[in-house]
Amino acid sequence: MAALGRPHPALVAGKYLALAAYVAFALFPLYWLVKIAVTPDRLIYSEGTRYWPSAATWDNFREVLGSDFLRFFGNSVIVSLSTAAITAVIAAGGGYAFSRFDFRGKRLVSALLLLTQMFPLLIIIAPIYRIVASLGLLNTLPSLIVTYTAFNIPFALFLMQSFFDGIPKDLEEAAMIDGCTRMQALRKVILPLTLPGLGATLGFVFTAAWSEILFALMLIRKEESMTFPVGLLNFVSKFSVDWGQMMAAGVLALVPSCLFFAFIQRYLVQGLTSGAVKG
Amino acid sequence: MSAALTDTPGGTRGRLSRAYLGMVAEPWLYLLPSLLLIGGVMLLPLAIGLGYAFQEFNLLRPGAAKWVGLDNFQDLWADPQFWRALRNTLVWTGASVTLQFAGGLGLALLLNTRFHGKKLVQALVFLPWAVPTFLTALTFSWLLNPVIGPVPYWLSGLGLIEEPYNILGNPDTALWGPILANVWYGVPFFAITLLAALSAIPSELYEAAEIDGASGWQSFTKITLPFLAPMIVITVMLRTIWIANFADLIYVMTGGGPANSTQILSSYIFTTAFKRLDFGHASAIAVVLLALLMIYAAILLAVRSRLVRR
């Protein structure tokens, strides 16, 4: 709705007011998280609901970094990065097949991929637990990596397909006519053009794996292999009065997500509309 | 074809068909890892999970699983917690989708206009989407806690509650805590999707309407909404399914309590599988949820095909 003519000043003021309200709604909970995280322990009860703390401290962060959270953080980084990397590679192959080939069964495969996005994922939590247990892989990070990879492939595949669709087919055909094999054409011509798409896929999958909690709760019950969400939840149920430390841990969990968000922001619209299925 | 059969191997015909076979196989080769993983980790367990719904299968009670037909479903029928969860699922999904949609549409319409600092505003209002769900859940349960959160004081200031207490602790109001968190988390998604659809509407339409003397409200109802309608239907459908299946916020914020007052079907599946290790019952609930969602999707798709035809 491009503004044609001169809108009424009251309308303009209303618009900026509404935008400010949205920004405040989006940021206030995060501000509060950070605020409590830097409030010194002795002030939490007296100033818990003040909007601006009278003193700030890094103590909570220091204590969190000296605790088990560092290990949880490491486990989550391993799981999320491995999931993102493996998913991106596998989905790139699938997306390429979907973008460049017309083959019998394509509609069926694409229907199957859509199906995986529609059914309640919790239906498979019990069978997955059984399978993982019978393979002796309970409480191991690889069990999470394989599960998350499979969960994220359909969405990542559609996303990669949309990126490949944006690269003209003539480019690799020209390279192949000039004597390249398909693999060479892919490596020298297509791959460099796909890097932003691969980056976006990595970002989306990393964010998804970083925040998954239900399957992690089910498959990991030993402290040494807990991921960050499971560890934090465990901490919350055990020490539900140590607000400062919990929130400091929360702020730390936010950091990687924000970094990846800053990175994938440009691709949000394309990503969410191409798959159109993922939260 | 018969000629190909009599040809000697290595003849032109044989080489051609090998090349043809290679061409047919090539896309499948690239798809193979994806298909293997999805088949092994999602579709096979899905089939097994559907089977569990018809078995007596509890890890806490030793003994092999045995087929019991529809017993699990009969138990559900008599289970008041199940009916409570079903009602809560409707409230949770209906309220979340409606509020997310209203908030998202408003935001998308605002972002589709020109204003100063648009890039920054867009990044800030989309940020909640990137916050891990467990953290969203914890943050909101802290905000709702009168010891360290301001929300109870706002609510009592507005006269919505008599004194600042934690609404998560009251069975009558607890479900609204996760709904609030879900709205915060989900508005950006709707805004992003609707924004993409909005920017696809040709601006000539608005110009023509303006020349013909249409008011802003008229061009909104006569141009914007009809153009968005098919997109809105499909997004709302996918979102509804996704939210009905979305148990994380409720599990982390209330665990289904107090007194099961916030249990929805999907969180009930999770607690039944995770805490009680009763896989038979968990799967039966999941099958009911799946059936309900399929009926819902079928209705919405029928509505959509009528909208598109018009």
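Here the structure is a predicted model, which means the values were calculated and not measured.

1. Overview of the overall build of chain B
Per the secondary structure count, chain B includes 13 helices and 2 strands. Its C-alpha atoms give chain B a radius of gyration of 26 Å, more than 25% over the compact-globule value 19 Å for 310 residues. Referenced to the eigenvectors of the C-alpha coordinate spread, the extents of chain B come out at roughly 90 × 75 × 35 Å. Taken across its 310 residues, chain B has 53% of its residues classed as buried. Taking the intrachain contacts of chain B between residues at least 6 apart in sequence as the baseline, contacts between residues at least 24 apart amount to 65%. When the accessible surface of chain B is totalled, it reaches about 14600 Å², and 67% of it is carbon and sulfur.

2. Let's talk about the interface of chain B and chain A
Residue-level contacts link 94 residues of chain B with 95 residues of chain A. The contact between chain B and chain A buries some 8400 Å² in all, and 81% of this surface belongs to carbon and sulfur atoms. Taken together, chain B and chain A are joined by 11 residue pairs in polar contact (both at pLDDT 80 or more). In terms of residue class, the side of chain B that touches chain A is built from 73 nonpolar, 15 polar and 6 charged.

3. Things to note about the packing of aromatic side chains
Applying the stated criterion to the full structure yields 41 aromatic pairs over all chains. Note on Phe206 of chain A and Trp210 of chain A: the rings are 5.6 Å apart at their centroids and 15 degrees apart in plane angle, and the pair reads as stacked. One end of the pair, Phe206 of chain A, and the other, Trp210 of chain A, are both in helix 9 (residues 182-211), 4 residues apart, so they sit about a helical turn from each other. Measuring from centroid to centroid gives 6.3 Å for Tyr52 of chain B and Phe279 of chain B, while their planes differ by 20 degrees, and the two rings are stacked. Residue Tyr52 of chain B is found in helix 2 (residues 12-52), and its partner Phe279 of chain B is found in helix 13 (residues 279-309); the two are separated by 227 residues along the sequence. The two residues Tyr52 of chain B and Phe279 of chain B agree in class, both being buried. Aromatic rings pair up to connect Phe69, Phe72, Phe73, Phe206, Trp210, Phe228 and Phe235 of chain A into one cluster. Sitting over the face of the ring of Trp32 of chain A, Lys35 of chain A holds its NZ or CZ atom 4.1 Å from the ring centroid. In this arrangement the basic side chain of Arg239 of chain B is found over the ring face of Trp242 of chain B, its NZ or CZ atom lying 4.5 Å from the centre.

4. What about the nonpolar core?
The nonpolar side chains of a soluble globular protein tend to be buried with one another. Counting 187 residues, the largest nonpolar core has Leu217 of chain A together with Trp142 and Phe279 of chain B as its most contacted members. At 15 residues, helix 7 (residues 141-165) of chain A tops the list of elements feeding residues into this core. Residues contacting Phe279 of chain B, with those up to four places away along its chain left out, are Ala126, Tyr129, Arg130 and Met218 of chain A together with Tyr52, Phe57, Leu59 and Ala273 of chain B.

5. Points about the domain arrangement of chain B
By the assigned domains, chain B splits into domain 1 (2-45) and domain 2 (75-309). Summarising the inter-unit geometry, the C-alpha centres of domain 1 of chain B and domain 2 of chain B are found 45 Å apart.

6. Overview of the domain arrangement of chain A
In terms of domains, chain A is made up of domain 1 (13-57) and domain 2 (70-241 + 252-275). Using only C-alpha atoms to locate each centre, domain 1 of chain A and domain 2 of chain A end up separated by 34 Å.

7. Quick word on the pattern of salt bridges
All names here are of chain A. One pass over the structure, following the stated rule, counts 2 salt bridges over all chains. Taking the shortest distance from any N to any O, the salt bridge between Arg62 and Asp59 comes out at 3.1 Å. Pair noted here: Arg62 and Asp59 are both in helix 3 (residues 59-65), with a separation of 3 residues, about one helical turn. Across the pair Lys106 and Asp102 runs a salt bridge whose closest N-O atoms are separated by 3.6 Å. With a relative accessible area of 76%, Asp102 lands in the exposed category.

8. What about helix 5 (residues 118-130) of chain B?
With 13 residues, helix 5 of chain B should reach 18 Å at 1.5 Å per residue; the first-to-last C-alpha distance of 19 Å fits that figure. Among the residues making up helix 5 of chain B, those that are buried are Val121, Gln122, Ala123, Val125, Phe126, Leu127, Pro128, Trp129 and Ala130 of chain B.

9. Here we look at the packing of helix 11 (residues 228-238) of chain A against helix 12 (residues 243-264) of chain A
All names here are of chain A. The geometry of helix 11 relative to helix 12 is characterised by a closest axis approach of 11 Å and an angle of 170 degrees between their N-to-C directions. By the angle between their axes, helix 11 is roughly antiparallel relative to helix 12. Facing Phe228, Leu232, Phe235 and Val236 of helix 11, the residues of helix 12 in contact are Gln245, Met246, Ala249, Gly250 and Ala253. Among the residues making up the contact of helix 11 with helix 12, the classes are represented as 7 nonpolar, 2 polar and no charged.

10. Focus: the confidence of the model for chain A
Looking at chain A as a whole, the pLDDT averages 85, with 92% of positions reaching at least 70. Confidence drops under a pLDDT of 50 for residues 275-279 of chain A, and excluding neighbours within four residues, the segment shows 20 contacts in the predicted structure.

11. Quick word on the environment of Val205 of chain A
As for its placement among the helices and strands, Val205 of chain A is situated in helix 9. Residues contacting Val205 of chain A, with those up to four places away along its chain left out, are Thr83, Ala84, Thr87, Asn152 and Ala156 of chain A.

12. Section: the packing of helix 4 (residues 69-100) of chain A against helix 11 of chain A
Residues and elements named next belong to chain A. Contact geometry for helix 4 and helix 11: axes closest at 8 Å, N-to-C directions at 150 degrees. Taken together, the axis directions place helix 4 and helix 11 in an arrangement best described as roughly antiparallel. Contacts between helix 4 and helix 11 involve Phe69, Phe72, Phe73 and Ser76 from the first element and Phe228, Pro229, Gly231, Leu232 and Phe235 from the second. A breakdown of the residues in the contact of helix 4 with helix 11 according to their chemical character gives 7 nonpolar, 2 polar and no charged.

13. Topic: a nonpolar patch on the surface
Together, Tyr51 and Trp52 of chain A together with Tyr153 and Trp154 of chain B give the surface a local cluster of nonpolar side chains, amounting to about 500 Å² of exposed area. Looking at where Tyr153 of chain B falls in the secondary structure, it is placed in helix 7 (residues 151-157). Taking the relative accessible area as the measure of exposure, Tyr153 of chain B reaches 37% and is therefore partly exposed.

The rules behind these values
Residues numbered from 1 in each chain as written. Chains lettered and ligands numbered in written order. Predicted model: local features only at pLDDT ≥ 70, side-chain atom pairs only at ≥ 80, totals over all residues. Heavy atoms only, no water. Helix = DSSP H or I, 4+ residues; strand = E, 2+ residues; numbered from the N terminus. Rg over C-alpha atoms; globule rule 2.2 N^0.38 Å. Buried < 20%, exposed > 50% of the residue type's maximum accessible area, 1.4 Å probe, protein only. Contact = heavy atoms within 4.5 Å. Areas by Shrake-Rupley, 256 points an atom, 1.4 Å probe, with all protein chains shown as cover. Buried area = accessible area lost by both parts, 1.4 Å probe. Polar contact = N/O pair within 3.5 Å; in protein donor to acceptor, adjacent residues only side chain to side chain. Nonpolar A, V, L, I, M, F, W, Y, C, P; charged D, E, K, R; others polar. Phe/Tyr/Trp six-rings, centres within 6.5 Å; stacked < 30°, edge-to-face > 60°. Lys NZ or Arg CZ within 6 Å of the ring centre and 35° of its normal. Core = buried A, V, L, I, M, F, W, Y, C linked by side-chain atoms within 4.5 Å. Domains from an automatic or database assignment. Salt bridge = Lys/Arg side-chain N within 4 Å of Asp/Glu carboxyl O. Expected span 1.5 Å × (residues − 1). Axes fitted to C-alpha atoms, helices over the stretch in contact; angles between N-to-C directions. Parallel < 35°, antiparallel > 145°, perpendicular 65-115°, else oblique. pLDDT = per-residue confidence, 0-100. Patch = residues over 30% accessible without salt bridge, like charges linked within 9 Å, V, L, I, M, F, W, Y side chains within 5 Å.

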